[in-house]
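Coordinates in review
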Amino acid sequence: MRAFVVAVFAFLYLPIALVVLFSFNAGHHASEFTGFSVQWYGKALSNPFLVEALKNSLFIATASALLAALCGTAAALGLQRIGARTRALFDALLGAAIVVPGVVIGISTLVALVQLFAVVNPFLASLWPSDQPPRLALGYGSIIAAHGLFSMALVTMIVGTRLGSLDRNLVEASSDLYATPLTTFRSIVLPQIMPAVTAGFLLAFTFSFDDFIIAFFVAGAQTTLPIYVFASIRRGVTPEINAIATIVLAASVLLVLLAQWQLGRRKPSP
Amino acid sequence: MSETGHNPDPDNSTGGEIPAGPEPAFSMRGNLLHRNLLTALLLAPATMWLVVFLVLPFVAIAIFSVGERAPEGGYQAALTFAQYANLPARATAFWNTMVLAPAGALACLLVAYPVAYYLALRAPQRWRLILLALIVIPFWTSLLMRTYAWMYILGGRGIPALLAYVGIEDLRLINTPGAVLLGIVYGYLPLMILPIYVSLERLDRRLLEASADLGATPLSTFIGVTLRLSLPGVMTGFSLVMILLLGEYLIPTLLGGGKVFFIGNALVDLFLQSRNWPFGSAIAITLVLVSVVVLIVANRISTRLSGARRVDLI
């Protein structure tokens, strides 16, 4: 069984290792390694389209993860204060936001937003005094919102789990000692849930940064890094993509490790 | 997933809007209005998000699915089931998905179970968390990049080029159902291992000893105790992987070429290329309905076998 497990780990990591190895290949060809070079990293980072896509992805991931961390934490706190039935409905919706396939989230958001814009834009135009009214369109906003849906549900669940295992004795002690609710929240609750919030933020960032399918539908004229990479893969495999893939993989691994470290901190013993 | 729903919370078990018992530990001790206002404020952004970007879009595609395609593409209001009647036009996509999604989930399961078993019951304690982290990391790294790695390996300059050295010519690996299946196992293995690991890890080991003491062979202990008690984890993993596979797009596109396409490919085509939104909506609604059926069946099986258990994804 041990041999089988080792083989599975090899299966999981060898393909990734291969991509990383060939990103340092001096030659063009995938079948032979002709020497060490970082030229493909230089090529990738001097490609203006790619850098633009990378910037877009970083901006979208940061914005959606921040929004998700704020709204998700607020929701997790709010869920503690409502009745079981409302809470079950909320949990079901959050579960749906996580489980519904990205392709369905993508198309339904596309359809809904296009309809919404068709109604709102003429309305805005009629209200606007000058000739150039603001026009709502697919772009940054729609990607951030669509990514934020999954991320917010994720943060709510992670923070909710942590709130469930919160040491209530501390909270009661705090209010027995005449701390105001706000002080109790700031000095007892917040420090205990903060690792979960940070982990949620990091995972939300990773999700948004890696997502292809939702952004593919709602990006409008914008390009994110996965959309750019997907398009170039379809044109043909080049060592330049290996370099981008290595950068993205390294960044994701770093973020996930950070998130796990955060979640592991102060975990109350069972 | 989390265990959110499983914390017996005496404050919230009354079913009404206002908890009858002692207040939740860190609530504002203000008057009732103040309390409810704060609760509403905390929940407002999430509620708006869920309504505007989950519920309304779903209602929108439900309405579209009974509409007609406008002559220039897009949507024209109507009330017809013609789109649903037209579903057989995409029978190949449905067929591929309905065959390869369960097959892929099953293949994942067969590889995942021994790994989860080893991690939960055999691995040395100090290695367990590290090995578990090594399983989780690929799950959170880009599926696009990981699938791309296999395009590289299975493509013309990868394994086929190596095999050509030893005289095996003209072997085509990429753009076959086998390549798609391999990509599926590669992409979704972590998601299958985790729930099974959790159910095995919680297993009461005294049961295994009791079974052995009562004269059961290792095999019958495995089948009667270990396998049986881990079935909820197996069902969770299987249904999660299967549902995500039903909507998969990247793996069939990159590893199946134009030859092995899924429902996801049909949806991309209908929404972004041929702009037949009503038909695409009908397909999407069907996809969601199939997912719901899978979830319900898995849940039934799971609760019948033992108490339902949920799992930490991270």
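Residues numbered from 1 in each chain as written. Chains lettered and ligands numbered in written order. Predicted model: local features only at pLDDT ≥ 70, side-chain atom pairs only at ≥ 80, totals over all residues.

The name given to chain A in an unreviewed UniProt entry is ABC transporter permease, with Mesorhizobium tamadayense as the source organism. According to the UniProt record, the Sequence similarities (unreviewed entry) comment for chain A is "Belongs to the binding-protein-dependent transport system permease family. CysTW subfamily." (UniProt positions renumbered as here; feature names shortened; annotations may be inferred.)

Turning to the overall build of chain B, a few remarks are in order. Looking only at helices and strands, one finds 12 helices and 2 strands in chain B. From first element to last, N terminus to C terminus, chain B shows the α and β order α-β-β-α-α-α-α-α-α-α-α-α-α-α. Looking at chain B as a whole, 45% of its 314 residues qualify as buried. By sequence separation, contacts in chain B at least 24 residues apart represent 71% of the contacts at least 6 residues apart. (Helix = DSSP H or I, 4+ residues; strand = E, 2+ residues; numbered from the N terminus. Buried ≥ 20, exposed ≤ 12 C-beta atoms within 10 Å, placed from the backbone. Contact = placed C-beta atoms within 7 Å.)

Turning to the overall build of chain A, a few remarks are in order. Counting secondary structure elements, chain A contains 11 helices and 0 strands. Moving toward the C terminus, one meets the helices and strands of chain A in the order α-α-α-α-α-α-α-α-α-α-α. For chain A, the spread of C-alpha atoms along the principal axes amounts to about 70 × 65 × 30 Å. Looking at the 270 residues of chain A, the share that counts as buried comes to 46%. In chain A, the share of contacts with a sequence separation of at least 24, taken over all contacts with a separation of at least 6, comes to 78%.

In this assembly, 76 residues from chain B lie in contact with 83 residues from chain A. In terms of residues, the side of chain B that touches chain A owes the most to one element, helix α1 (residues 32–65) of chain B, which gives 15 residues. A per-class count over the side of chain B that touches chain A returns 51 nonpolar, 19 polar and 6 charged. (Nonpolar A, V, L, I, M, F, W, Y, C, P; charged D, E, K, R; others polar.)

Another aspect to go through is the packing of helix α5 (residues 102–127) of chain A against helix α11 (residues 263–273) of chain B. Where α5 of chain A contacts α11 of chain B, the two axes come as close as 10 Å, and the packing angle between them is 15 degrees. In this view, α5 of chain A runs roughly parallel relative to α11 of chain B, as classed from their interaxial angle. In this structure, α5 of chain A meets α11 of chain B at a crossing whose hand is left-handed. Counted together, V103, I107 and L110 of chain A of α5 of chain A and G264, L267 and F271 of chain B of α11 of chain B form the full contact between these two elements. By residue class, the composition of the contact of α5 of chain A with α11 of chain B is 5 nonpolar, 1 polar and no charged. (Axes fitted to C-alpha atoms, helices over the stretch in contact; angles between N-to-C directions. Parallel < 35°, antiparallel > 145°, perpendicular 65-115°, else oblique. Left-handed = near helix turned anticlockwise from the far one by under 90°.)

Residue and element names in this part refer to chain B. Counting 171 residues, the largest nonpolar core has A116 and V241 as its most contacted members. Here the element with the most residues in this core is helix α7 (residues 177–201); it accounts for 17 residues. Setting aside anything within four residues of it in sequence, one finds V241 in contact with A105, C108, Y188, L191 and M192. (Core = buried A, V, L, I, M, F, W, Y, C linked by C-beta atoms within 7 Å.)

The next thing to look at is the confidence of the model for chain B. The predicted coordinates should not be examined in detail at positions where pLDDT is low. Residues and elements named next belong to chain B. Taken as a whole, chain B shows an average pLDDT of 84; of its residues, 87% reach a score of 70 or greater. Mean pLDDT per element in chain B: helix α6 (residues 159–165) is the minimum at 79, and helix α3 (residues 91–122) is the maximum at 95. Low pLDDT (under 50) marks residues 1–29, which in the prediction has 60 contacts with non-local residues, meaning those over four places away or in another chain. Confidence over residues 307–314 falls short of pLDDT 50; this stretch has 23 contacts with residues more than four positions distant or in other chains. (pLDDT = per-residue confidence, 0-100.)

Turning our attention to the domain arrangement of chain B. Residues and elements named next belong to chain B. When the domains of chain B are assigned, the result is domain 1 (9–65) and domain 2 (90–305). Using only C-alpha atoms to locate each centre, domain 1 and domain 2 end up separated by 35 Å. For the side of domain 1 that touches domain 2, the class distribution of residues is 3 nonpolar, 1 polar and no charged. (Domains from an automatic or database assignment.)

Moving on, we get to the environment of F207 of chain A. Residues and elements named next belong to chain A. Assignment of secondary structure puts F207 in helix α8 (residues 181–210). For the pair F207 and S151, spaced 56 residues apart in the sequence, the C-alpha separation amounts to 7.5 Å. With residues near it in sequence (within four places) discarded, F207 still touches H147, F150 and S151.

Another aspect to go through is the UniProt feature "transmembrane region" (unreviewed entry) in chain A. Look at the UniProt record and you will see "transmembrane region" (unreviewed entry) annotated at residues 54–77, 89–117, 137–159, 188–207, 213–231 and 243–263 of chain A. Overall, residues 213–231 of chain A shows 68% helix and 0% strand. The separation of its end C-alpha atoms is 12 Å.

Summarising the element assignment, V104 of chain A is placed in helix α5. Assessed through the 26 C-beta atoms surrounding it within 10 Å, V104 of chain A is described here as buried. For the pair V104 of chain A and E172 of chain A, spaced 68 residues apart in sequence, the C-alpha separation works out to 45 Å. The residues touching V104 of chain A, leaving out its near neighbours within four places in the chain, are G247, A284, L287 and V288 of chain B.

The next thing to look at is the domain arrangement of chain A. Residues and elements named next belong to chain A. According to the domain assignment, chain A consists of domain 1 (1–37) and domain 2 (48–264). Listed per partner, the contact involves 8 residues of domain 1 and 7 residues of domain 2. Across the side of domain 1 that touches domain 2, the residue classes tally to 5 nonpolar, 3 polar and no charged.

For helix α5 (residues 143–154) of chain B, which comprises 12 residues, the first-to-last C-alpha distance of 16 Å matches the rise-based estimate of 16 Å (1.5 Å per residue) to within 8%. Within α5 of chain B, 12 of the 12 residues are buried, leaving the element largely enclosed by the surrounding structure. (Expected span 1.5 Å × (residues − 1).)

Residue and element names in this part refer to chain A. The phi dihedral of Y178 is positive, around 65 degrees, even though this residue is not glycine. As for its position among the elements, Y178 is in the loop between α7 (168–176) and α8. For Y178, a count of 7 C-beta atoms within 10 Å translates into the label exposed.

Residue and element names in this part refer to chain B. Helix α9 (residues 218–246) packs onto α7 with a crossing angle of 155 degrees between their chain directions and a minimal axis gap of 7 Å. Of the possible angle classes, the one that applies to α7 and α9 is roughly antiparallel. In terms of crossing hand, the pair formed by α7 and α9 is right-handed. Together, I184, Y188, L191, M192, P195, I196, V198, S199 and L200 of α7 and S230, P232, G233, V234, T236, G237, L240, V241, L244 and L245 of α9 make up the contact between the two elements. Of the residues belonging to the contact of α7 with α9, the class tally is 14 nonpolar, 5 polar and no charged.

Bringing the environment of G164 of chain A into the picture now. Residues and elements named next belong to chain A. Of note, G164 is situated in helix α6 (residues 140–164). Residue class for G164 comes out partly exposed when judged on the 17 C-beta atoms lying within 10 Å of it. Measuring from C-alpha to C-alpha, the distance between G164 and T34 comes to 56 Å, with 130 residues separating the pair along the chain.

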